[in-house]
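Here's the letter readout for the chains.
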Amino acid sequence: TLTSSYVLITLGGAKDQVRHGMTYVVVNLLASLLFLTGVGLLYAATGTVNMADLSERLPGLPQGLQTALGLLFLVVFGIKAAIFPLFNWLPDSYPTARLAVTAVFAGLLTKVGVYALIRTQTLLFPHDEASVLLLVVAGLTMVVGVLGAIAQNDMKRILSFHIVSQIGYMILGLALFTVAGLAGAVLFLLHQIPVKTSLFLTAGLVEHRAGSTALDRVGGLLRRAPVAAALFGLAALSLAGIPPLSGFVGKLSLIDAG
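Heads up: these notes are all about the structure in this document. (Residues numbered from 1 in each chain as written. Predicted model: local features only at pLDDT ≥ 70, side-chain atom pairs only at ≥ 80, totals over all residues. Heavy atoms only, no water.)

A count of helical and extended segments in the protein gives twelve helices and zero strands. Helices (α) and strands (β) of the protein occur, in sequence order from the N terminus, as α-α-α-α-α-α-α-α-α-α-α-α. In terms of C-alpha radius of gyration, the protein reaches 19 Å, essentially the compact-globule figure of 18 Å for 258 residues. Principal axes of the C-alpha set define a box for the protein whose edges measure 65 × 45 × 25 Å. Within the protein, the fraction of its 258 residues that count as buried is 48%. By element, 70% of the accessible surface of the protein is carried by carbon and sulfur atoms, the whole surface being about 12100 Å². Here the protein contributes 15 positive and 10 negative side-chain charges, whose respective centroids are spaced 14 Å apart. (Helix = DSSP H or I, 4+ residues; strand = E, 2+ residues; numbered from the N terminus. Rg over C-alpha atoms; globule rule 2.2 N^0.38 Å. Buried < 20%, exposed > 50% of the residue type's maximum accessible area, 1.4 Å probe, protein only. Areas by Shrake-Rupley, 256 points an atom, 1.4 Å probe, with all protein chains shown as cover. Lys, Arg positive; Asp, Glu negative; His and termini not counted. Charge placed at Lys NZ, Arg CZ, Asp CG, Glu CD.)

Structure (structure tokens):
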């Protein structure tokens, strides 16, 4: 997945694409190197990388070693999921790619990181109670992502920061380490895939009509492109959690789990 994304994010060869694409590549290669190191350490400690066997052998390891391995995998997949404070690569690299590419990335790539976090943190490193560390990370990811979005004046960058913010909700569900919390996280993840993809594709329509996604140049969108404005508004309302849209259901499930 990452190998193909390296090509897609620099498709077109523009100066900004190459510069920010290189940041994306370097950060993700570093995460992949840490991942390989973590898998090696896991195999050295347990003699297997089969996840079913690991769930039985890890509890026999010293508590400190379990914690260290858990933190290592949290950093690895936290980079790929763009959680706080490992998200800086995303708002810089996503807006420079072509919008069709960014729409696919927004819907899938960070969600793969969240999926990996859910699998590893629950199966390999079980918790009897909510994780304070993950709860703090989730809260900071939500807040910093929203504050970053407020400071932008370009639709693509606003939506990129909102990707970061919404990842926080998924990590919140994981951090509770309950069946309801995990169900809420998965439901919210599934809601985000079509909504984020739709928002970026609609931003592409706006760019096509206005020649830019800068907000000071796309004013009067409802008058000039009512269909694009309506599509964007529908997805944005779902993102905000307005009932009866999917965002409301996802956020309600997380609040209920909390």
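For the rest of this paragraph, the subject is the nonpolar core. Counting residues in each nonpolar core, the largest one holds 36 residues, and the members touching the most others are Tyr-24, Trp-89, Leu-90, Tyr-94 and Phe-200. If sequence neighbours within four positions are ignored, Trp-89 has contacts with Tyr-24, Val-27, Asn-28, Ile-79, Lys-80, Ala-82, Tyr-94 and Thr-110. Listed in part, the 30 residues of the second largest apolar core include Leu-42, Leu-69, Phe-125 and Leu-189. (Core = buried A, V, L, I, M, F, W, Y, C linked by side-chain atoms within 4.5 Å. Contact = heavy atoms within 4.5 Å.)

With that settled, consider helix α2 (residues 15-46). Compared with the 46 Å implied by 1.5 Å per residue over 32 residues, the 46 Å span of α2 between its first and last C-alpha is a close match. Burial in α2 covers these residues: Gln-17, His-20, Gly-21, Tyr-24, Val-25, Asn-28, Ala-31, Gly-38, Leu-42 and Thr-46. Buried-residue contacts for α2 involve α1 (2-9), α3 (51-57), α4 (63-81), α5 (89-93) and α6 (99-124). Directly after α2, the chain includes Gly-47, whose backbone phi takes a positive value near 80 degrees. (Expected span 1.5 Å × (residues − 1).)

Oppositely charged side chains are able to pair whenever their charged atoms sit close together. Scanning all chains against the criterion turns up two salt bridges. The shortest N-O distance in the salt bridge between Arg-19 and Asp-16 comes to 2.7 Å. Note that Arg-19 and Asp-16 are positioned in helix α2 at a spacing of three residues, about one turn of the helix. Judged by its relative accessible area of 42%, Arg-19 falls in the partly exposed class. Here Asp-16 falls in the partly exposed class, since its relative accessible area comes to 39%. One salt bridge connects Asp-92 with Arg-157, and the closest N-O pair in it is separated by 3.7 Å. (Salt bridge = Lys/Arg side-chain N within 4 Å of Asp/Glu carboxyl O.)

Before going further, it helps to spend a moment on a nonpolar patch on the surface. On the surface, a cluster of nonpolar side chains totalling about 360 Å² of accessible area is made up of Val-143, Val-146, Leu-147 and Ile-150. Take Ile-150: it is sitting in helix α7 (residues 132-150). Ile-150 gets classed as exposed once you look at its relative accessible area, which sits at 64%. (Patch = residues over 30% accessible without salt bridge, like charges linked within 9 Å, V, L, I, M, F, W, Y side chains within 5 Å.)

Bringing the packing of α1 against α6 into the picture now. Packing of α1 against α6 leaves a shortest axis separation of 10 Å and a crossing angle of 150 degrees. The angle between the axes of α1 and α6 places the two elements in the roughly antiparallel class. Relative to α6, α1 is oriented so that their crossing is left-handed. Of the residues in α6, those touching α1 at Ser-5, Leu-8 and Ile-9 are Val-101, Phe-105 and Leu-109. Across the contact of α1 with α6, the residue classes tally to five nonpolar, one polar and no charged. (Axes fitted to C-alpha atoms, helices over the stretch in contact; angles between N-to-C directions. Parallel < 35°, antiparallel > 145°, perpendicular 65-115°, else oblique. Left-handed = near helix turned anticlockwise from the far one by under 90°. Nonpolar A, V, L, I, M, F, W, Y, C, P; charged D, E, K, R; others polar.)

Here α4 spans 26 Å end to end across 19 residues, near enough to the 27 Å set by a 1.5 Å rise per residue. The complete set of buried residues in α4 reads Gln-66, Leu-69, Gly-70, Leu-72, Phe-73, Leu-74, Val-76, Phe-77, Gly-78, Ile-79, Lys-80 and Ala-81. On the buried face of α4, the contacting elements are α1, α2, α5, α6, α7 and α8 (155-176).

Of note, Ser-93 is situated in helix α5. For Ser-93, a relative accessible area of 0% gives the class buried. A polar side-chain atom of Ser-93 sits 2.7 Å from the main-chain carbonyl oxygen of Trp-89. The contact partners of Ser-93, leaving out residues within four places of it in the chain, are Ile-9, His-20 and Tyr-24. (Polar contact = N/O pair within 3.5 Å; in protein donor to acceptor, adjacent residues only side chain to side chain.)

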